[in-house]
Amino acid sequence: MSSKKLLVVPTLKELKPIEEVLSLKSLPSSPFPAFSSEVIPSICLRICGMGIAQASACLAQALNEASYQQVILLGVAGIHARSELNPGELVGALSETYLRLGSMVDDDYFDLTASYSLHPVGSLRSNFPARVPPDLRTDIPWRHFGTSDWISSTPADLEFLEEFHPEIEVENMEGAAVAHVCQLFGVEFVELRALVNVLGNRDPSTWAWPDANQGLIRAARWIQKGSMEYCG
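Just so we're clear, the structure is a prediction, and the values are computed from it rather than from any experiment.

Chemist: Please clarify how helix α3 (residues 155-164) should be interpreted in this entry.
Modeler: It helps to recall that an α-helix has 3.6 residues per turn; residues three or four apart then point in one direction. Listed as buried for α3 are Asp157, Phe160 and Leu161. In an axial view of α3, the angular spread of the buried residues amounts to 95°, which keeps them on one side of the axis. Across α3 from its buried face, at more than 90 degrees, point the exposed residues Pro155, Ala156, Glu159 and Glu163. Where α3 is buried, its residues contact β7 (102-105), β8 (108-111) and β11 (168-172).

Structure (structure tokens):
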């Protein structure tokens with residue numbers, strides 16, 4: 001099995017806190033920016049862009065071009081107000097779920113994968129497990145994540161999450177897509193997110209960017225020191 005790992009970051013803003021830690025060097029690539037690490041030769045990095053479609057296209061291309069043991073998705077996310085976690089904390093994913101892959105009928109939500117599969121052949125549902133590296137299991141909290149291109153920002157959005165996804169505390173825009181592609185390719189999936197805002201707060205000037213950036217730096221240092229090693 002390949003020992004290479006692919007680090008995926010959605011945006012250049014999320015890349016900035018970690019690029020010096022990992023001594024990143026730009027590589028020729030198209031259409032997604034790619035980097036190597038001068039301190040960890042086994043690490044490659046891609047900037048996938050924001051949202052489900054961008055993340056899916058980027059990861060599918062990367063996994064078609066090279067063999068990787070593990071994909072690590074690193075970025076920021078929002079936290080549900082009912083969670084005891086706070087903006088600024090670093091948290092890992094136990095699972096990823098497509099939050100709105102369904103339809104509303106008379107105020108009831110129906111996940112379409114309850115009746116249909118995501119995959120054209122075989123069964124593939126809207127929820128995907130994520131790996132919890134043993135060496136990080138007790139260092140940070142681990143929670144269930146959800147992914148949507150529709151950002152939860154209204155009382156109705158939060159009520160939807162509370163009623164139909166009560167186990168999910170962390171929301172982002174790429175995770176389920178990356179986990180989905182990893183499952184199709186048979187590659188291990190790990191996700192770490194620095195919490196930057198409480199869901200419903202759409203005023204970026206109040207978000208916890210300095211603390212979130214420190215969380216991303218902390219994650220990069222774990223990667224630099226060889227954390228998240230494959231344990232069979």
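There's plenty left to go through after this.
Chemist: Help me out: how do you make sense of the pairing of strand β12 (residues 188-198) in this one?
Modeler: Successive residues of a regular strand alternate their side chains across the two faces of the sheet. Among the 11 residues in β12, 10 count as buried, and that is most of the element. In terms of strand pairing, strand β5 (residues 70-79) meets β12 through 10 bridges, oriented parallel. Bridging across to β12, isoleucine 79 finds its partner in valine 198. Sheet analysis places strand β6 (residues 90-98) next to β12, joined by 3 bridges and oriented antiparallel. Within the sheet, the bridge partner assigned to glycine 92 lies in β12 and is leucine 192.

Rules used throughout
- Residues numbered from 1 in each chain as written.
- Predicted model: local features only at pLDDT ≥ 70, side-chain atom pairs only at ≥ 80, totals over all residues.
- Heavy atoms only, no water.
- Buried < 20%, exposed > 50% of the residue type's maximum accessible area, 1.4 Å probe, protein only.
- Helix = DSSP H or I, 4+ residues; strand = E, 2+ residues; numbered from the N terminus.
- Arc of directions from axis to C-beta.
- Contact = heavy atoms within 4.5 Å.
- Pairing = 2+ DSSP bridges.

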